[in-house]
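Examining the three-dimensional arrangement
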Amino acid sequence: MKFLSIEESNSHELESLLHLAAEMKSTRGTHPNQPLAGQTWALIFTKASTRTRVSFEVGIRELGGNVMFLSKNDIQLGRGEPIKDTARVLGRMVHGAVIRTFAQQDVEDFYSYSGIPTVNALTDEEHPCQILADLLTIREKLGTWEGKKIVFIGDGDNNMSRSWMWAAKYLGFQFVVAAPESCLPPKEFMDRLDASNVTLTTDPATAARDADVINTDVWLSMGQEGQDEKEALFGDYQVNSELLSHCADKHIVLHCLPAYRGKEITEEILEAHADTVFQQAENRLHAQKAVLATLVE
Ligand code: CP
Ligand code: NVA
């Protein structure tokens, strides 16, 4: 009934969602069943979005449902109405909710108070739907993640890196986070993660050595705009041709997008790997349709 984090997922659920995502992709436009028929889903977003909003709107419609997009400025949430009251109202009217916001607790509270299927469409803590799309892309491009070295370069303590670390714990691949010291995940998080296959370093070249997958994300996440001092820490953490010279021959590059060319990745490398990066973006649609169909089973 909920998909709020990779942390609270497990290897069986991830495998089963990815299997269904691949099936959704190969049968797009021809699936006979419409699991959301007769349902209306709300998309409640307090942060900007291109990929997530469009992929959920299209996906819900393709599964037979209706969808309403509610930015925080459209509803009383933006004027301070508590999430628990918003949840108790919407829970009586719509059949499911997809939420993009700041605090993880808000999506947890929405689910508890609404009692309807709820999906995390990005919080400061996690971006679980993106990780499903990324894993699907790795499977399509490399066949498997088993035995692969997957590296995250950038802000090691953001929603993407955290969701990736949980995926590594459950799926068992080697995962390395390379970030400036103050942007590595704190000890409290690593103790909770408790995964010996996840390692941290401040040296991007060491991390990239023999890597099969290089993954990056913006240096400043939504809500951190204007933090120039933080951004200045990332000069050595750009995904560029020099960094990729350390990787395995058949490496791929992932970026959840939006990309800031000249910052976390060069124009040259983003364009050289555009086939993978935009396949990754497309896979949001298929992965999320698998999540939605599973939640209403
Ligand atoms: N990757 C991602 O979530 O993109 P949007 O912010 O455009 O939804
Ligand atoms: N870490 C980024 C991801 C954007 C999809 C952010 O939260 O802004």
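Whatever comes next refers back to the structure up there.
Values in this document were obtained by computation on a predicted structure and should not be read as measured data.

Bringing the site of ligand 2 into the picture now. Residues in contact with ligand 2, as listed here, are Leu122, His127, Asn158, Asn159, Asp217, Val218, Ser221, Met222 and Leu257. The separation between a nitrogen atom of ligand 2 and a polar side-chain atom of Ser221 is 2.8 Å. Here an oxygen atom of ligand 2 and a backbone polar atom of Met222 are 2.8 Å apart. Class assignment for the residues of the shell around ligand 2 results in 4 nonpolar, 4 polar and 1 charged.

Residues in close proximity to ligand 1 include Ser49, Thr50, Arg51, Thr52, Arg100, His127, Gln130, Cys256, Leu257 and Arg284, which together make up its full environment. Here an oxygen atom of ligand 1 sits 2.7 Å away from a polar atom, N or O, in the main chain of Thr50. In this structure, an oxygen atom belonging to ligand 1 sits 2.8 Å away from a side-chain N or O atom of Arg51. Protein coverage of the free-state accessible area of ligand 1, which is 260 Å², stands at 96%. The residue inventory of the shell around ligand 1, partitioned by class, reads 2 nonpolar, 5 polar and 3 charged.

With that settled, consider the sheet that holds strand E2 (residues 40-45). Read from one edge of the open sheet, 5 strands run E1-E5-E4-E2-E3, paired in parallel fashion. Pairing within the sheet leaves two strands with one partner each, and these edge strands are strand E1 (2-3) and strand E3 (66-71). Here E2 runs beside E3; their pairing, made up of 6 bridges, is parallel. The partner of Thr40 across the bridge, within E3, is Asn66.

Within the element layout of this structure, Ser221 appears in the loop between strand E9 (213-216) and helix H9 (228-231). Residue class for Ser221 comes out buried when judged on its relative accessible area of 11%.

What follows deals with helix H1 (residues 11-26). With 16 residues, H1 should cover 22 Å at 1.5 Å per step; its first-to-last C-alpha distance of 23 Å lies within 8% of that length. Those residues of H1 that sit buried are Leu14, Leu17, Leu18, Leu20, Ala21 and Met24. Looking straight down H1, one finds that the buried residues subtend no more than 165 degrees of arc, so they occupy a single side. Among the exposed residues of H1, those oriented more than 90 degrees off its buried face are His12, His19 and Ser26. Buried residues belonging to H1 abut E1, helix H5 (128-142), helix H6 (159-171) and helix H12 (274-295).

Once that is clear, we can look at the packing of aromatic side chains. By the definition in use, this model includes 8 aromatic pairs. Members of the aromatic cluster, each reached through a chain of ring pairs, are Trp164, Phe173 and Phe175. For the cation-ring pair, Lys47 lies above Phe102, with the distance from its terminal atom to the ring centre recorded as 4.5 Å. Here Arg53 stacks its cationic end above the ring of Phe69, 3.5 Å away from the centre of that ring.

Thresholds, definitions, all that
- Residues numbered from 1 in each chain as written.
- Chains lettered and ligands numbered in written order.
- Predicted model: local features only at pLDDT ≥ 70, side-chain atom pairs only at ≥ 80, totals over all residues.
- Heavy atoms only, no water.
- Near = heavy atom within 4 Å.
- Polar contact = N/O pair within 3.5 Å; in protein donor to acceptor, adjacent residues only side chain to side chain.
- Nonpolar A, V, L, I, M, F, W, Y, C, P; charged D, E, K, R; others polar.
- Areas by Shrake-Rupley, 256 points an atom, 1.4 Å probe, with all protein chains shown as cover.
- Pairing = 2+ DSSP bridges.
- Helix = DSSP H or I, 4+ residues; strand = E, 2+ residues; numbered from the N terminus.
- Buried < 20%, exposed > 50% of the residue type's maximum accessible area, 1.4 Å probe, protein only.
- Expected span 1.5 Å × (residues − 1).
- Arc of directions from axis to C-beta.
- Contact = heavy atoms within 4.5 Å.
- Phe/Tyr/Trp six-rings, centres within 6.5 Å; stacked < 30°, edge-to-face > 60°.
- Lys NZ or Arg CZ within 6 Å of the ring centre and 35° of its normal.

Any link to function would need more than the numbers given here.
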